[in-house]
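# Coordinate inspection notes
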Amino acid sequence: MPPAADPVTPDGLAAPVGLRTKDLLSIGDLSVDEIRLILDTAEAMKEVGTRSIKKVPALRGRTVVNLFFEASTRTRTSFEVAQKRLSADTVNIAASGSSVVKGETLADTVRNLEAMAPDIIVVRHQSAGAGHLVAGLCRARVINAGDGMHEHPTQALLDALTIRQRKGRIEGLKVSIIGDLLHSRVFRSNVLLLHALGAEVSVCGPATMMLPDMARFGVRPTTSIDEAVEGADVVMLLRIQLERMGGYFFPSLREYFQLFGMTPERLERAHPDAIIMHPGPMNRGVEIAPEVADGPYSVILEQVANGVAVRMAVLYLLADERQA
Amino acid sequence: MVDETRVMLIGGHVVDPVNGVNGPADVLIAGGRVTAVGRDLPVESGTTVIEVPPHGVVCPGFIDMHVHLREPGYEHKETLATGLAAAVAGGFTAVACMPTTTPVNDHAAMTRLICGKAADAGLARVYPVGAVTKGRDGEQLAEIGELYAAGCVAISDAGRPVASALLMRRALEYASMFGIPVIDHCEDPSLAGDGVAHEGYHATALGLRGLPAAAEEIVAQRDVALSGLTGAGVHLAHLSTRGAMRAVREAKARGVPVSCEVTPHHLTLTDDRLVGYDTNYKMNPPLREAADLEALLDGVRDGTIDCIATDHAPHHYDEKRAEFDRAPFGVIGLETAVSVCLDRLVHAGHVTLARLVELMSANPARILGVPGGTLGVGVPADITILAPDLVVTVDPSAFRSLARNTPFGGWVLRGGVTATIVGGRAVYVNTAVDGAGAVMNAMSGVREP
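Predicted, not measured: the structure shown is a model, and the values here were computed from it. (Residues numbered from 1 in each chain as written. Chains lettered and ligands numbered in written order. Predicted model: local features only at pLDDT ≥ 70, side-chain atom pairs only at ≥ 80, totals over all residues. Heavy atoms only, no water.)

### Observations concerning the overall build of chain A
Quick reminder of the rule: Segments assigned H or I by DSSP are reported as helices when at least four residues long, segments assigned E as strands when at least two residues long, and all are numbered from the N terminus. Radius of gyration here uses only the C-alpha atoms, and the compact-globule reference equals 2.2 Å multiplied by the residue count raised to the power 0.38. Only protein chains enter the accessibility calculation, which uses a 1.4 Å probe; a residue is then buried when its area is under 20% of its type maximum, exposed when over 50%, and partly exposed in between. Between two residues, a contact is recorded if the distance between any of their heavy atoms is within 4.5 Å. What sets the accessible areas is the Shrake-Rupley method with a 1.4 Å probe; for residues, cover comes only from the shown protein chains. Working convention for charge: Lys and Arg count positive, Asp and Glu count negative, and His plus the chain ends are omitted. Charge positions are represented by NZ for Lys, CZ for Arg, CG for Asp and CD for Glu.
A tally of helices and strands in chain A yields 11 helices and nine strands. Relative to the compact-globule value of 20 Å for 324 residues, chain A shows a C-alpha radius of gyration of 19 Å, a close match. Looking at chain A as a whole, 58% of its 324 residues are labelled buried. Excluding contacts between residues fewer than 6 apart, the proportion of contacts in chain A whose partners are at least 24 apart in sequence is 73%. Total accessible area on chain A is roughly 13100 Å²; 53% of this is exposed by carbon and sulfur atoms. Distance between charge centres in chain A, computed from 35 positive and 38 negative side chains, equals 4 Å.

Written out as structure tokens, the structure is:
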């Protein structure tokens, strides 16, 4: 069980025990205690966002590079807001405006950035394992902000924070994850985290979007959405990427919605206090009916708010000098 | 001018399964050919006697029937000279090089260029493999008759399957006129898609797009069916799955003229190595699961597998130091194959030394229809001398190959190469083996017949 995390006061820096890992590339890099430490720290960070002056000096003088090779609104903004609230110096690099378009390799891009001595690099990339490559090439700490189909650890952490705030716990909850499991990095990070914290996870989606060897992920698979929703405390929907139809995964968005779309009627099978989550961006009318997205069970905007707090916590804990 | 240098290798253990030799014997070499093998051969005057270093095993030269030597077109990865230096350092007296060059080896001029450059290197023998189709693009047959006449010993669209069943049928029929096999890369392209790693738990957990085992099994099944239909010989390259093993075993039992090979890495590594995204574990076919590896070992033991071939695929370190899904497929193997196979197959008790010599010498020679694979009287003196107990630490920085993309870096293995002799001439001698210097002194100046 966790050593009761030290009370975190971002102002005073009565700092908690840091993280053992140099980088956050996968939820698998974290122990259960460290996950709890991040969530507890994030709770404290939330308070900063409620002040009129939303800034603490925790990362003053630290340089953070946001290296985004994929389009992102939510995640990039969330990281940047988190960095600014911690007083870090932030630099944003997007693939379209970088030397990548001139043919530079990822390795060279990273080595050039490293020469400017950043403290933390936040990287989003379309290739699984890109964060591992970056981390192997630099001394800066690396935070994976989504690498291909592999993982998106801060998303899972903000999801966990949201669940914990709403439900008071994660252990023993029935969590149902529905949608394109195969291509989802959000799913892969969430399944590791939810398992670590003792939730019971069931998954649902078209058979074409299930993972091979599902049993080894410790989840209960079903292709029946009614079965998946039955008694669920948490229903987490995953985005359907519209280009997937090219790979014969399903015949049409219309049929997808008929079979797997979350509607108010289907939601009635869930626990009466169930919450609805979505990592965004949503396809209204595909994986989620607008009435559900905007309805009383939806915590989708809370997820976004918690994203800033969780990223502040991760940045703060990783930047702790004592673990260097 | 005929070189009449006479050399006798004495004190070695000779393993020559084709001639049923497996025991202490001397080997007499004259004029670059084997002229006698037996115990206590008489030494005539003018014969240089070389004592094989203790526990040395004298074998017919090893033949790697599947290598990519990259020249012309990709000289930054490997050249014929460096690839052949790697071959002889790894104990290979001959290699069959795939047409994965630019331009593709799909016409006689290219075959002759490769043969000429290989002869200039003067190391291992090179047997070019021509393309099945022009440009390896799977559309039109290459001029296979001319490729054969120029020296190609087989045809293959290496690295790619012959996707069309009709074209594969025609290639088998056409190549059979020249008695050369079609070597196929078994992979259904539509099923494999843009996969980069074996479809299974590890690739899934790591978010890597999968290459399902069924993509190999389907084409293996198709190819044995077409071989049965046409009666023409087909050779299935670098098989990696239990399904393909089943297909070949069943076809051989029916008398279908199919043969197949497996790589050292598929016999020793599985897909759990993917954790960490090291691109030196990225190859096609990919590393599979433990059950596949076991099936391959069964195939090596029971004769379903004919050959061990390295699929030596050199790449520049800059190309491999990339995102996993963007890095090229392939690993090198020429300089590690013998050590890996001695340690993990022979010393581990899966096969005898004699069986290893079949897998790495006799059978490749038979399938390709090339000289070698035996120490029979009159054959060119292509000889590999093994040091089965030599402890070898794999050090990529010491490789003769230009490339370093090995999955075996740092491995400590029991078994190595003492010397490699081509046409009676020592083209490689391992100075780490005590007493090997004598081989070098006596045989490095010998001319080829």
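Back to the text.
### Side note on the packing of helix α7 (residues 213–230) of chain B against helix α8 (residues 242–253) of chain B
Residue and element names in this part refer to chain B. Defined as follows: Axis angles are defined between N-to-C directions and span 0 to 180 degrees, where every axis is a line fitted to C-alpha atoms and, for a helix, only to the segment in contact. The scheme is simple: roughly parallel for angles under 35 degrees, roughly antiparallel for over 145, roughly perpendicular for 65 to 115, oblique for anything else. Less than a right angle of anticlockwise turn of the near helix away from the far helix marks a crossing as left-handed, whereas a clockwise turn marks it as right-handed. Residue polarity follows a fixed list, in which Ala, Val, Leu, Ile, Met, Phe, Trp, Tyr, Cys and Pro are nonpolar, Asp, Glu, Lys and Arg are charged, and the others, Gly among them, are polar.
Remark: α7 packs on α8, axes separated minimally by 8 Å, with the N-to-C direction vectors making an angle of 15 degrees. The angle between the axes of α7 and α8 places the two elements in the roughly parallel class. Judged by the twist between their axes, the crossing of α7 over α8 is right-handed. Of the residues in α8, those in contact with Glu216, Glu217, Ala220, Gln221 and Val224 of α7 are Gly243, Ala244, Arg246, Ala247 and Ala251. Its residues assigned to classes, the contact of α7 with α8 shows five nonpolar, two polar and three charged.

### Things to note about the packing of aromatic side chains
As a reminder, the rule being used: Any Phe, Tyr or Trp ring, taking Trp's six-membered ring, that has another such ring centre within 6.5 Å forms a pair; planes under 30 degrees apart are called stacked, those over 60 apart edge-to-face, and the others tilted. Geometrically, a lysine NZ or arginine CZ counts as sitting over a ring once it is within 6 Å of the ring centre and also within 35 degrees of the ring normal.
In this structure the tally under the stated criterion is seven aromatic pairs over all chains. Here the aromatic rings of tyrosine 256 of chain A and phenylalanine 260 of chain A are separated by 5.4 Å at their centres, their planes lie at 35 degrees, and the arrangement is tilted. In this pair, tyrosine 256 of chain A and phenylalanine 260 of chain A are both assigned in helix α8 (residues 253–260), four residues apart and thus about one turn of the helix distant. According to the relative accessible area criterion, phenylalanine 260 of chain A is buried, its value standing at 7%. Put simply, the rings of Phe250, Tyr256 and Phe260 of chain A touch in pairs and so form one group of aromatic residues. The ring of tyrosine 201 of chain B is capped by arginine 216 of chain A, whose NZ or CZ atom sits 4.1 Å from the centre of that ring.

### Examining the sheet that holds strand β4 (residues 141–147) of chain A
Residue and element names in this part refer to chain A. Threshold: Following DSSP output, two strands are said to pair if at least two bridges run between them.
Read across the sheet, four strands follow the order β2-β1-β3-β4 without closing on themselves; strand pairing throughout is parallel. Because the sheet does not close on itself, it has two edges, and the strands there are β2 (89–94) and β4. This sheet shows a mean twist of 15 degrees between the axes of neighbouring strands, independent of strand direction. Here strand β3 (residues 120–125) runs beside β4; their pairing, made up of five bridges, is parallel. Bridge pairing links histidine 125 to aspartate 147 in β4. Helix α11 (residues 300–318) rests against β1 (63–68), β3 and β4 of the sheet, and its axis sits at about 150 degrees to β4.

### What about the environment of valine 88 of chain B?
With respect to the element layout, valine 88 of chain B can be found in helix α1 (residues 80–89). Sequence separation of valine 88 of chain B and alanine 419 of chain B is 331 residues, and the distance between their C-alpha atoms is 8.3 Å.

### Let's talk about the interface of chain A and chain B
Note the following rule: Buried area, as used here, totals the accessible surface that two parts lose on assembly, with accessibility defined by a 1.4 Å probe and the loss added over both. In the sections that follow, a salt bridge refers to a side-chain nitrogen of Lys or Arg positioned within 4 Å of a carboxyl oxygen of Asp or Glu.
Listed as interface residues are 21 residues of chain A and, on the opposing side, 17 residues of chain B. Buried surface at the junction of chain A and chain B, summed over both partners, amounts to about 1600 Å²; 60% is from carbon and sulfur atoms. Among the residues of chain A in contact with chain B, Ala128, Pro212 and Arg216 of chain A are the three that bury the most area, contributing 26% of the side total. Inspection of the chain A/chain B interface yields zero salt bridges.

### Looking at the nonpolar core
Residue and element names in this part refer to chain B. Heads up, the rule is: Take the buried Ala, Val, Leu, Ile, Met, Phe, Trp, Tyr and Cys residues and link them wherever side-chain atoms come within 4.5 Å; each set so joined is a nonpolar core. These domain boundaries are the output of an automatic or database domain assignment.
Judged by nonpolar contacts, the single largest core of 78 residues is most densely connected at Val95, Leu236, Ile308 and Met360. Looking at this core element by element, the count peaks at seven residues for α1. Residues lining this core come from more than one domain, with at least three contributed by each of domain 1 (6–58 + 379–443) and domain 2 (60–368). Beyond its immediate stretch of four places on either side in the chain, methionine 360 contacts Phe62, Ile63, Phe92, Ile308, Ala337, Val338 and Cys341.

### Here we look at the packing of α1 of chain B against helix α2 (residues 108–121) of chain B
Residues and elements named next belong to chain B. Where α1 contacts α2, the axes come no closer than 9 Å and their chain directions differ by 55 degrees. Overall, the two elements α1 and α2 adopt an arrangement that is oblique. Handedness of the α1/α2 crossing: right-handed. Contacts from Leu80, Ala81 and Leu84 in α1 reach Ile114, Lys117, Ala118 and Ala121 in α2. Looking at side-chain class alone, the contact of α1 with α2 contains six nonpolar, no polar and one charged residues.

### Description of the sheet that holds strand β5 (residues 174–178) of chain A
Residue and element names in this part refer to chain A. Spatial ordering of the open sheet is given by β7-β6-β5-β8-β9, a layout of five strands whose pairing is parallel. Edge strands, defined here as strands with exactly one partner in the open sheet, are β7 (220–222) and β9 (275–277). Across this sheet, the average inter-strand angle for adjacent strands is 20 degrees, counted without regard to direction. Where β5 meets strand β6 (residues 200–204), five bridges bridge the pair, whose relative direction is parallel. Across the sheet, the residue bridging to lysine 174 is glutamate 200, located in β6. Its contacts with the sheet put helix α6 (residues 185–196) on β5, β6 and β8 (234–237), and the angle it makes with β5 is roughly 170 degrees.

### Quick notes on the pattern of salt bridges
Residues and elements named next belong to chain B. Tallying each qualifying case throughout the model produces 37 salt bridges over all chains. For aspartate 184, the salt bridge is made with arginine 222, and the minimal N-O distance between the two is 3.3 Å. Of the two residues, aspartate 184 sits in strand β10 (residues 182–184) while arginine 222 sits in helix α7, which places them 38 residues apart along the sequence. Each member of the pair, aspartate 184 as well as arginine 222, carries the same accessibility label: buried.

### Here's the deal with the domain arrangement of chain B
All names here are of chain B. When the domains of chain B are assigned, the result is domain 1 (6–58 + 379–443) and domain 2 (60–368). The C-alpha-based centres of domain 1 and domain 2 are spaced at 26 Å. Listed by partner, the interface residues are 40 residues for domain 1 and 50 residues for domain 2. When domain 1 packs against domain 2, the two sides together hide about 3500 Å² of surface, and 66% of this comes from carbon and sulfur. Here domain 1 and domain 2 share one salt bridge between them. Here arginine 125 ties to aspartate 382 by a salt bridge, and the two come within 2.5 Å at their closest N and O atoms.

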